[in-house]
There are 2 protein chains.
Amino acid sequence: MARRKDHSPADLRELIREAAQKIIKTKGLKSLTARALAQEVGYTPGTIYNFYSDMDALVAAVNFATLGQLQQTCLQKIESLPPDFSKVRALAYAYVDFAHENLALWEAIFMRTRKAGKAARLPTLYQERILSLFVMIEGILKECLNIPAPDAKQSARLLWACLHGIAVLTLDGRLQLVGIEKPHKIIDDLLMKYFGIYLKSSC
Amino acid sequence: MARRKDHSPADLRELIREAAQKIIKTKGLKSLTARALAQEVGYTPGTIYNFYSDMDALVAAVNFATLGQLQQTCLQKIESLPPDFSKVRALAYAYVDFAHENLALWEAIFMRTRKAGKAARLPTLYQERILSLFVMIEGILKECLNIPAPDAKQSARLLWACLHGIAVLTLDGRLQLVGIEKPHKIIDDLLMKYFGIYLKSSC
DNA sequence: TTATATTATTGAACATTGTTCAATAATATG
DNA sequence: CATATTATTGAACAATGTTCAATAATATAA
């Protein structure tokens, strides 16, 4: 097998994805161009298309990685906490904090870039990773609250949706002007009212 | 004043914005190109730049109009309702329904398109329109619930954030797979738990 | 009416983008 | 050493946003 640089195909594929992620994180999704990316990894635009069918596929790969990092970060921040309400709160904080610290990457996940015609089927692995995120949240809820199993599933999704909305309104420059409180305070309000009825007696 | 077609400058400016809105709504933001838009209004690309400094400014104008339509639609759907919990619920439904029926337009509002360097200060009018939306929600909450004024302000923003998050998760094709309930059902759950303590005795 | 000034509109031009693909250079294999 | 294999290139194309001197249509004045 021929190589100019010493990278196995798998390594180079990873290298390209990492470089793309770095560009998005530091300069925004709009700055991720085939040529800029090629320069960053020390190859030429054509090479990228040997590993990703088009730029959308590359962004999808970045998003997949970002989702994994999000879940890792969340798990790490709550693993040592006692199984009560504070752990749920820490999880919520972790999500919004991640969005804040990785703004452009997080936005890329929810950015719909495809043209009208193009289908947007998600690969199975991607679906599974999202599902895994919800399963994690569901698990935390069941572990930390007096919540029936069916409620936990529904609440996990609702909680994530609300956190997402809060992140958008508090982080997006366009809406920060609406006089919203700091994210953590608003999250406290939501959690106390929404999960109040499930609080364990120990709290 | 010379004109080829019989449109006053103000009319033409409006015409361009409407055509842009139509393109976004029917074919998506990615399909809004200077040339396609020019063709739609029967002019040439150059003309557009006599009315909008660049395509981003045009999209901002479209978003401004969309926000106005959103508020109008919401007001219309709740004006004849009695001032109780059902009115709050109708307002919530109206928001998510609007997002559903005007998906691409609604997404354009929250799409961050500016490049890294470009500043993104919002025009005062735009800010006021967003503020007006929150004032409306706040008013409905105070009118329909037993809620203290400070709580109403905070809750109006939180409610909108949560609704936004729910809309994203239920409408975006990428996440529909997460097994979430129909939006209206999930909204009921949120409202009942979050606003339960504020319910008027009549309910 | 005719001539001049004004201005709305054009369309060609440029830089930048995604994407393709025959040509090429580097390595592996016989 | 010769040949096959394949990773990599870089030139090319179409489409995009954007600019701006040239132009055509109208208003104004003589």
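See the structure shown above.
Read on for a plain summary of the structure. What you are looking at is a predicted structure, and each value in this text was computed from that prediction instead of being measured. (Residues numbered from 1 in each chain as written. Chains lettered and ligands numbered in written order. Predicted model: local features only at pLDDT ≥ 70, side-chain atom pairs only at ≥ 80, totals over all residues. Heavy atoms only, no water.)

### Some words on the overall build of chain A
Turning to step 1, where the next piece is worked out: A count of helices and strands for chain A gives nine helices and zero strands.
Turning to step 2, where the next piece is worked out: For chain A, the succession of helices and strands along the chain, N to C, is α-α-α-α-α-α-α-α-α.
Turning to step 3, where the next piece is worked out: Per-residue burial for chain A yields a buried fraction of 50% across its 203 residues.
Turning to step 4, where the next piece is worked out: Of the contacts made within chain A by residues no fewer than 6 positions apart, 67% connect residues no fewer than 24 positions apart.
Turning to step 5, where the next piece is worked out: Counting every atom, chain A has about 9,800 Å² of accessible surface; 53% of that belongs to carbon and sulfur. (Helix = DSSP H or I, 4+ residues; strand = E, 2+ residues; numbered from the N terminus. Buried < 20%, exposed > 50% of the residue type's maximum accessible area, 1.4 Å probe, protein only. Contact = heavy atoms within 4.5 Å. Areas by Shrake-Rupley, 256 points an atom, 1.4 Å probe, with all protein chains shown as cover.)

### Focus on the packing of helix α4 (residues 55–78) of chain A against helix α6 (residues 103–110) of chain A
Relative orientation and spacing of two packed helices are given, respectively, by the angle between their axes and the distance between those axes.
Residue and element names in this part refer to chain A.
Turning to step 1, where the next piece is worked out: The N-to-C vectors of α4 and α6 enclose an angle of 115°; their axes lie 9 Å apart at closest approach. Remark: the crossing between α4 and α6 carries left-handed chirality. Residue-level inspection shows V62, N63, T66 and L67 of α4 in contact with α6, the latter providing L105, A108 and I109.
Turning to step 2, where the next piece is worked out: Among the residues forming the contact of α4 with α6, the class breakdown is five nonpolar, two polar and no charged. (Axes fitted to C-alpha atoms, helices over the stretch in contact; angles between N-to-C directions. Left-handed = near helix turned anticlockwise from the far one by under 90°. Nonpolar A, V, L, I, M, F, W, Y, C, P; charged D, E, K, R; others polar.)

### With respect to the packing of α6(A) against helix α8 (residues 149–171) of chain A
All names here are of chain A.
Turning to step 1, where the next piece is worked out: Packing of α6 against α8 brings their axes to within 12 Å, and their N-to-C directions diverge by 125°. By the angle between their axes, α6 is oblique relative to α8. Every pair of crossing elements has a handedness; the one defined by α6 and α8 is left-handed. Touching L103, W106 and F110 of α6 are W160, H164, A167, V168 and L171, all from α8.
Turning to step 2, where the next piece is worked out: By residue class, the composition of the contact of α6 with α8 is seven nonpolar, one polar and no charged. (Parallel < 35°, antiparallel > 145°, perpendicular 65-115°, else oblique.)

### Some points on empty space enclosed by the protein
Turning to step 1, where the next piece is worked out: Enumeration according to the criterion identifies five cavities of 30 Å³ or more in this entry.
Turning to step 2, where the next piece is worked out: Computed from the structure, the largest cavity encloses a volume of approximately 310 Å³.
Turning to step 3, where the next piece is worked out: Only α6 and α8 of chain A together with α6 (103–110) and α8 (149–171) of chain B provide two or more residues apiece to the lining of the largest cavity. (1 Å grid on protein atoms, 1.4 Å probe; cavity = no way out; pocket = protein on both sides within 12 Å on 5 of 7 lines; lining within 4 Å. Points joined across faces, edges and corners; volume = space filled by probe spheres on them.)

### Considerations on the pattern of salt bridges
Turning to step 1, where the next piece is worked out: As enumerated under the stated definition, the model contains twelve salt bridges over all chains in all.
Turning to step 2, where the next piece is worked out: For A:E143, the salt bridge goes to A:K87, with nearest N and O atoms at 3.2 Å. Note that A:E143 is positioned in helix α7 (residues 124–144) and A:K87 in helix α5 (residues 85–101), a separation of 56 residues in sequence.
Turning to step 3, where the next piece is worked out: Residue A:E143 is classed as partly exposed on the basis of its relative accessible area, which comes to 34%.
Turning to step 4, where the next piece is worked out: The shortest N-O distance in the salt bridge between B:E40 and B:K22 comes to 3.1 Å. Here B:E40, found in helix α2 (residues 34–41), pairs with B:K22, found in helix α1 (residues 9–27); they are 18 residues apart in sequence, far enough to count as distant. (Salt bridge = Lys/Arg side-chain N within 4 Å of Asp/Glu carboxyl O.)

### A closer look at helix α9 (residues 183–195) of chain A
What sets the pattern is the α-helix's 3.6 residues per turn: residues three or four places apart point alike.
Turning to step 1, where the next piece is worked out: A rise of 1.5 Å per residue sets the reference length of α9(A), with its 13 residues, at 18 Å; its end C-alpha atoms lie 17 Å apart and thus fit the reference within 8%.
Turning to step 2, where the next piece is worked out: Along α9(A), the positions that sit buried rather than exposed are A:P183, A:I186, A:I187, A:D189, A:L190, A:L191, A:K193, A:Y194 and A:F195.
Turning to step 3, where the next piece is worked out: Of the surrounding elements, those touching the buried residues of α9(A) are α5, α7 and α8 of chain A together with α8 and α9 (183–195) of chain B. (Expected span 1.5 Å × (residues − 1).)

### A few points about the packing of aromatic side chains
Turning to step 1, where the next piece is worked out: Across all of its chains, the model carries twelve aromatic pairs over all chains by this definition.
Turning to step 2, where the next piece is worked out: Between A:Y194 and A:F195 the ring centres are 4.8 Å apart and the planes differ by 85°, which places this aromatic pair in the edge-to-face class.
Turning to step 3, where the next piece is worked out: Taking relative accessible area as the criterion, A:F195 reaches 0% and is therefore assigned buried.
Turning to step 4, where the next piece is worked out: In this structure, B:R129 is placed above the aromatic ring of B:F64, and the distance from its NZ or CZ to the ring centre is 3.7 Å. (Phe/Tyr/Trp six-rings, centres within 6.5 Å; stacked < 30°, edge-to-face > 60°. Lys NZ or Arg CZ within 6 Å of the ring centre and 35° of its normal.)

### Remarks on helix α2 (residues 34–41) of chain A
Residues and elements named next belong to chain A.
Turning to step 1, where the next piece is worked out: Those residues of α2 that fall on the buried side of the exposure criterion are A34, L37, A38 and V41. Summarising the axial view, the buried residues of α2 lie within an arc of 100°, below the 170-degree limit, and thus occupy one face. Of the residues in α2, the exposed ones pointing more than 90 degrees away from the buried face are R35 and Q39.
Turning to step 2, where the next piece is worked out: Next to the buried residues of α2 lie α1 (9–27), α3 (45–48) and α4. (Arc of directions from axis to C-beta.)

### Description of the environment of A:F51
Turning to step 1, where the next piece is worked out: Its place among the elements puts A:F51 in the loop between α3 and α4.
Turning to step 2, where the next piece is worked out: Here A:F51 is in contact with A:P9, A:L12, A:R13 and A:I16, once residues within four sequence places are set aside.

### Topic: the side chain of B:R17
All names here are of chain B.
Turning to step 1, where the next piece is worked out: Within the secondary structure, R17 is located in helix α1.
Turning to step 2, where the next piece is worked out: By relative accessible area, R17 is classed as buried at 14%.
Turning to step 3, where the next piece is worked out: In contact with R17, not counting residues within four places along its chain, are Y52, L58, A61, V62 and A65.

### Thoughts on the environment of B:L70
Turning to step 1, where the next piece is worked out: With respect to the helices and strands, B:L70 occurs in helix α4 (residues 55–78).
Turning to step 2, where the next piece is worked out: As for B:L70 and B:A99, which are separated by 29 residues in sequence, their C-alpha atoms are 8.6 Å apart.

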